[in-house]
Amino acid sequence: MWKNTFFLFFILSACAEELCKPDASNGYKVRLSLKTALGDDAYTWNKNEMFLFQSTLAFAMRTSHTGQSYEISNIVVCNETDRVSFWFVVTSPGNPTELVENYIVEEAIRKSRHRINSAFLLTDKTLEFVGILPTLATPVSYDTPPWLIVFGVLMGIIVAGIIVLLASSIVKRKRKTRRTDEEEADEETRVKTMDNGVYNMSFSVEDKLTQM
Amino acid sequence: MSTTKEKERPKWDNKVQYLLTCIGFAVGLGNVWRFPYLCQIYGGGAFLIPYLIALVFQGLPLLYLELAIGQRLRQGSIGAWNCISPMLGGIGIASMVVSFLVSIFYNTILAWVLWYFFNSFQEPLPWSSCPLNVNSTGYNHECEVSTPVNYFWYRETLNITADIETSGSLRWWIILCQGTSWCIVYICFIKGIESMGKAVYVTTTFPSLVLTIFLTRALTLPGATDGLVYLFSPDWEILKNPKVWLDAATQIFFSLSVGFGGLIAFSSYNVEKNNCERDTLLVGIINSATSLYASISIFSILGFKAKNNYNSCVSQNIISLTNHFDIADQNITLDNYMDWVDYLNQTSPSDVASLDLRTCDLNTFLDQSASGTGLAFIVFTEAVIEMPGSQVWAVLFFIMLFSLGLSSMFGNIGGVLTPIQDLKLVPSWLPDEVVTAIVCLISFLIAIIFGMGSGNYWVEVFNSYVGSVPLLIIAFMEIIGVVYIRGLKTFKEDVFYMTGKTPNIFWVSCWMVISPVMLFVVLIAYVIIQAQEHPMYPAWNPDYELFPQTETKPYPNWVFAIIILLSTVPVLPIVLVPLYKLIRYGRTGAPAEANPTPYFNEGFEIETQGTRN
């Protein structure tokens, strides 16, 4: 009996290896850039990490393809390189020789992309599923554009400044006309200007002290 | 009996204000975004030779002339030229018209700077990434094909039309910025030189401070020294090209802002006995020194940007190689990239060839320079994104550009307002503040045409044709007018009266021969080069086959007619005024003291060297 079990297991894994090969019809290539993402804190890729990958992907398949209970053995991996990159295919839980369609796999990955990324501390760029484009991040949008706020502040300051300066010059002008009206009362010796004449700077104005 | 009082002529609080105003007028946007570009394309350090020669033999004498006549005659441009000779009054009118037209489009450029300034208070900066397209499936197509900075400038700022004939609608956000810009000019000029003199303490000194900060920062970034070496490595062969000399002469001429009448206006508010020779040397030398300093700052930043672009180019190749050959992540680095390429070329050349790697050459990236708005709004904004703390650098940069432009605007507005006030062209019951407001309002309303979709094209038209040939003609007429019509002897006496010494042989020879000849040659050469081919302009057309390159289109005939008008109408007064005077007064000439001024009448004679005995 044990022999049969081992034989079956051997056949199954052989079949599984047949199913997973580079450019497999329903398979995807995965590429990880650990050093780019984490620098010195990068962990080494080993069998345990691969186990985590298979389990995360099984989780993604379970979440998306409801009703099916995927196991880790349903995620078949092959062609691991130093890059770190590898190919994987997903087999159906009911029939281990049958591959799940790639659009189902793609949808599962898209739905749980963030969870998969987080499990490995990576991002959309450093954990690539070749062929599955990440959904673009929506750009930040504001209710009031920030530039309008800055504009409003600046215009407020300027208009306030203009009003203050104009008001101060009006006040100064009123004060001056009041003072000159008083001065004109005792004006006798100032050089009078005429239409064609010119206020001549050659002579200085008679000092008030010399008034007779 | 009623008396009318003469308003005492306003004057500067102190000498520093006057110098800062003149320096601020001379130092403008061109120092930052035209001179470094010229330096780069004309052989780096070698360009300094024609530039300095033009400064010494053409720029400084013209500057001295304008400052001297303004200070002596104590009138704005129109009054001053009427004093020198009634036939030359047209020069003043021409200066005023040119100042007015230039201030309109120059303020539009300041409005664009303000727009970028407003937009710098966001995280992330809006020109750092492309917006999504309508379906959110990808990025906006126009932005993807060009770059995010190009897209932000051409589409989100200008929303530019494909050619100058399509006017497009008014871009309300640009009009808002123009309004703000004119309000800032108004508030600085509200009390004439009283308020402006205080504003220049900030607007003239701030740019130098910012340039220093940028330089210090840039020198700590990688690639800065590459940019500087590239900028200043001299290529002596270039001096054989006459275009270099022409561009050096025009650059120094436009840089010093002579011919606008602004310098005459500012020096007319000086005390009479002031050493204008020393002022000339100060203003001229500081202007050129600022140009040089700005180019050092700008090019260290551009060197950083080129290095960054080079690194991205190589990194892209590295990713292609790493992914194709499944080499371990980060095994190929920027340093050992070339070794890896050689090794892979030996082992599997066909694979490497199939990858179509980009050729990355640092010099190609350093060559991607630009001048004018392209430098400020495209190249520099791209560099700023890559610096840590981008918002701070963007804000600093745009405030600096705004200060530079604002201090130049003061000169332009001064060239318009001072003649108006001197000649009492407006009724005297209108206070000065209201006159200034009316001028600013009229300019703003006319400037709305630059807020249309084709506004950028029109700014280029005005920039190339109003601010060039008319100024050269005005300056040439100025020097001929003073030296040959007023007479060099009288002028030397004026200078003696003001400074206490007569100008030396250098100045005299420049005024009499060298500068007029140089100006004349520059003018003729400039007109010939402009007239050689039908003028073209670069248009941003997304439907162009070679997009994102700009499409070079010829100006349509009606625009060409406007160009001719813009070049000739400002200088028409120079010809029309003497004609009018001749017709009016006939051969007897105008009455001797047609325009007496408080300082120039038959009251008494000024003691000069000749009359001392």
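Residues numbered from 1 in each chain as written. Chains lettered and ligands numbered in written order. Predicted model: local features only at pLDDT ≥ 70, side-chain atom pairs only at ≥ 80, totals over all residues. Heavy atoms only, no water.

Undergrad: Whenever I open this one, the overall build of chain A confuses me. Can you help?
TA: Broken down by element type, chain A carries six helices and four strands. Walking chain A from its N terminus toward its C terminus, one meets helices and strands in the order α-β-α-α-β-β-α-α-β-α. When the 212 residues of chain A are sorted by exposure, 31% land in the buried category. Of the roughly 14,300 Å² that chain A leaves accessible, carbon and sulfur atoms contribute 58%. (Helix = DSSP H or I, 4+ residues; strand = E, 2+ residues; numbered from the N terminus. Buried < 20%, exposed > 50% of the residue type's maximum accessible area, 1.4 Å probe, protein only. Areas by Shrake-Rupley, 256 points an atom, 1.4 Å probe, with all protein chains shown as cover.)

Undergrad: Any chance you could explain a nonpolar patch on the surface here in plain terms?
TA: Residues and elements named next belong to chain B. Together, Y484, I485, M512, V513, V517 and V521 make up an exposed nonpolar region whose accessible area comes to about 540 Å². Breaking the nonpolar patch down by element, the ones donating at least two residues are α22 (469–499) and α23 (505–531). Considering each element in turn, the nonpolar patch owes the most residues, four residues, to α23. A residue is classified by how much of its surface remains accessible, and V513, at 48% relative accessible area, is partly exposed. (Patch = residues over 30% accessible without salt bridge, like charges linked within 9 Å, V, L, I, M, F, W, Y side chains within 5 Å. Salt bridge = Lys/Arg side-chain N within 4 Å of Asp/Glu carboxyl O.)

Undergrad: Explain the pattern of salt bridges to me, please; I cannot follow it from the model alone.
TA: Pairing of side chains with opposite charge becomes possible as their charged atoms draw close. Residue and element names in this part refer to chain A. Throughout the structure, instances matching the rule amount to 22 salt bridges over all chains. Across the salt bridge formed by R31 and E128, the nearest N and O atoms sit 3.3 Å from each other. One end of the pair, R31, is in strand β1 (residues 28–32); the other, E128, is in strand β4 (residues 127–130), with 97 residues separating them in the sequence. Classification of R31 by relative accessible area gives buried; the value is 11%.

Undergrad: Help me out: how do you make sense of the UniProt feature "binding site: Na(+)" (unreviewed entry) in chain B in this one?
TA: Residues and elements named next belong to chain B. Following the UniProt record, the feature "binding site: Na(+)" (unreviewed entry) maps to G24, A26, V27, N31, S255, N287, L404 and S408 here. These residues run over 385 residues, yet every pair of their C-alpha atoms falls within 12.3 Å of each other. Its place among the elements puts N31 in helix α2 (residues 29–33). Beyond its immediate sequence surroundings of up to four residues, N31 is in contact with A26, P36, S255, N287, S291 and A294. (UniProt positions renumbered as here; feature names shortened; annotations may be inferred. Contact = heavy atoms within 4.5 Å.)

Undergrad: Before we go on, may I ask you to explain the environment of V508(B) in this structure?
TA: Residue and element names in this part refer to chain B. Tracing the backbone shows V508 in helix α23. Residue classification places V508 among the buried positions, given a relative accessible area of 12%. C-alpha of V508 to C-alpha of L488: the two residues are 20 residues apart in sequence and 8.1 Å apart in space. When sequence neighbours within four positions are dropped, the list of residues in contact with V508 reads L488, K492 and P503.

Undergrad: Looking at this structure, how should I read helix α5 (residues 77–84) of chain B?
TA: An α-helix turns once every 3.6 residues. As a result, residues three or four positions apart point the same way. Residues and elements named next belong to chain B. With seven of eight residues buried, α5 is to be regarded as a mostly interior element. What α5 keeps buried is the set S77, I78, G79, A80, W81, N82 and I84. For α5, the elements touching its buried residues are α4 (48–73), α6 (89–118), α13 (262–268), α19 (390–422), α22 and α25 (572–585).

Undergrad: Honestly, the state of the cysteines in this entry has me stumped. Any pointers?
TA: Disulfides are covalent bonds that connect the sulfur atoms of two cysteines. Residue and element names in this part refer to chain B. Within this structure, the stated rule accounts for two disulfides over all chains. Each sulfur in the disulfide pair C130 and C143 lies 1.9 Å from the other. Taking the sign of the torsion about the S-S bond as the criterion, the disulfide between C130 and C143, at about -85°, is left-handed. Here C143 lies in helix α7 (residues 141–145) and C130 lies in the loop between α6 and α7, a separation of 13 residues in the sequence. (Disulfide = S-S within 2.5 Å.)

Undergrad: Mind showing me how you'd approach the confidence of the model for chain B here?
TA: One rule of thumb: low pLDDT means the predicted coordinates there are not for detailed reading. Residues and elements named next belong to chain B. Taken residue by residue, chain B gives an average pLDDT of 88. The fraction at 70 or more is 94%. Mean pLDDT values over the elements of chain B span from 83, in helix α16 (residues 349–355), up to 94, in helix α9 (residues 172–189). Note that pLDDT drops below 50 for residues 1–6; the model gives that stretch seven contacts with residues more than four away or on any other chain. Interface predicted TM-score (ipTM) for the complex: 0.84; the corresponding pTM is 0.85. (pLDDT = per-residue confidence, 0-100.)

Undergrad: It is not clear to me how the packing of α9(B) against helix α20 (residues 432–447) of chain B should be interpreted in this structure. Could you clarify?
TA: Packed helix pairs are characterised by how far apart their axes lie and by the angle those axes make with each other. All names here are of chain B. Contact geometry for α9 and α20: axes closest at 10 Å, N-to-C directions at 160°. Between α9 and α20, the angle is such that the two are roughly antiparallel. Read as a crossing pair, α9 and α20 show a hand that is right-handed. Counting all contacts with α9, which are made through I175, Q178, G179, W182, Y186 and F189, the residues of α20 involved are E433, T436, A437, C440, S443, F444 and A447. Of the residues contributing to the contact of α9 with α20, the split by class is eight nonpolar, four polar and one charged. (Axes fitted to C-alpha atoms, helices over the stretch in contact; angles between N-to-C directions. Parallel < 35°, antiparallel > 145°, perpendicular 65-115°, else oblique. Left-handed = near helix turned anticlockwise from the far one by under 90°. Nonpolar A, V, L, I, M, F, W, Y, C, P; charged D, E, K, R; others polar.)

Undergrad: Mind showing me how you'd approach the confidence of the model for chain A here?
TA: Taken over all residues, the pLDDT of chain A has a mean of 80, while the share at 70 or more is 80%. Ranking the helices and strands of chain A by mean pLDDT puts helix α3 (residues 47–64) of chain A first, with 91, and helix α1 (residues 2–19) of chain A last, with 64.

Undergrad: Explanation requested: the packing of α4(B) against α22(B) in the structure shown.
TA: Residue and element names in this part refer to chain B. With their axes 10 Å apart at the nearest point, α4 and α22 run at an angle of 60° to one another. As summarised for this structure, α4 and α22 are arranged oblique, according to the angle between their axes. When the axes of α4 and α22 are compared, the crossing they make is left-handed. Between α4 and α22, the contacting residues are L62, Y64, L65, E66, A68, I69, Q71 and R72 on the first element and A475, E478, I479, V482, F491, D494, V495, Y497 and M498 on the second. Here the contact of α4 with α22 is built from residues that sort into 12 nonpolar, one polar and four charged.

Undergrad: Can you walk me through the sheet that holds strand β2 (residues 75–78) of chain A in this structure?
TA: In any sheet, the strands associate via hydrogen bonds between backbone groups, in a parallel or an antiparallel arrangement. All names here are of chain A. Reading across the sheet, the four strands line up as β2-β3-β1-β4 and stay open at both edges, with antiparallel pairing between neighbours. Only two strands of the sheet have a single neighbouring strand rather than two, namely β2 and β4. On average, adjacent strands in this sheet sit at an angle of 30° to one another, irrespective of strand direction. Across four bridges, the pairing between β1 and strand β3 (residues 85–90) is antiparallel. (Pairing = 2+ DSSP bridges.)

Undergrad: Any chance you could explain a negative patch on the surface here in plain terms?
TA: A cluster of like negative charges, contributed by D181(A), E182(A), E183(A) and E184(A), occupies part of the molecular surface. Tracing the chain through its elements places E184(A) in helix α6 (residues 146–185). (Lys, Arg positive; Asp, Glu negative; His and termini not counted. Charge placed at Lys NZ, Arg CZ, Asp CG, Glu CD.)

Undergrad: Sorry if this is basic, but what is going on with the packing of aromatic side chains here?
TA: For any pair of aromatic rings, geometry is given as the distance between the ring centres together with the angle between the planes. Considering all chains together, one arrives at 59 aromatic pairs over all chains under this definition. Ring centres of W147(A) and W115(B) lie 4.7 Å apart, and the angle between their planes is 65°; on these two criteria the pair is classed as edge-to-face. Highlighted residues: W147(A) in helix α6 and W115(B) in helix α6, drawn from two different chains. Of the two residues examined, W147(A) and W115(B), each falls in the buried class. Between Y116(B) and F398(B) the ring centres are 5.3 Å apart and the planes differ by 40°, which places this aromatic pair in the tilted class. Of this pair, Y116(B) sits in helix α6 while F398(B) sits in helix α19, and the two are 282 residues apart along the sequence. Considered together, Y116(B) and F398(B) belong to a single accessibility category, that of buried residues. (Phe/Tyr/Trp six-rings, centres within 6.5 Å; stacked < 30°, edge-to-face > 60°.)

Undergrad: Just to check I follow, could you spell out helix α18 (residues 373–385) of chain B for this structure?
TA: All names here are of chain B. With 13 residues, α18 extends 17 Å between its outermost C-alpha atoms, agreeing within 8% with the 18 Å of an ideal straight helix rising 1.5 Å per residue. A maximum bend of about 25° is found in α18 at V379. With 11 of its 13 residues buried, α18 lies for the most part within the structure. Among all positions of α18, only T373, G374, L375, A376, F377, I378, V379, F380, T381, A383 and V384 are buried. Of the surrounding elements, those touching the buried residues of α18 are α2, α6, α8 (148–157), α10 (193–219), α14 (276–325) and α19. (Expected span 1.5 Å × (residues − 1). Bend = angle between axes of the 7 residues up to and from the residue.)

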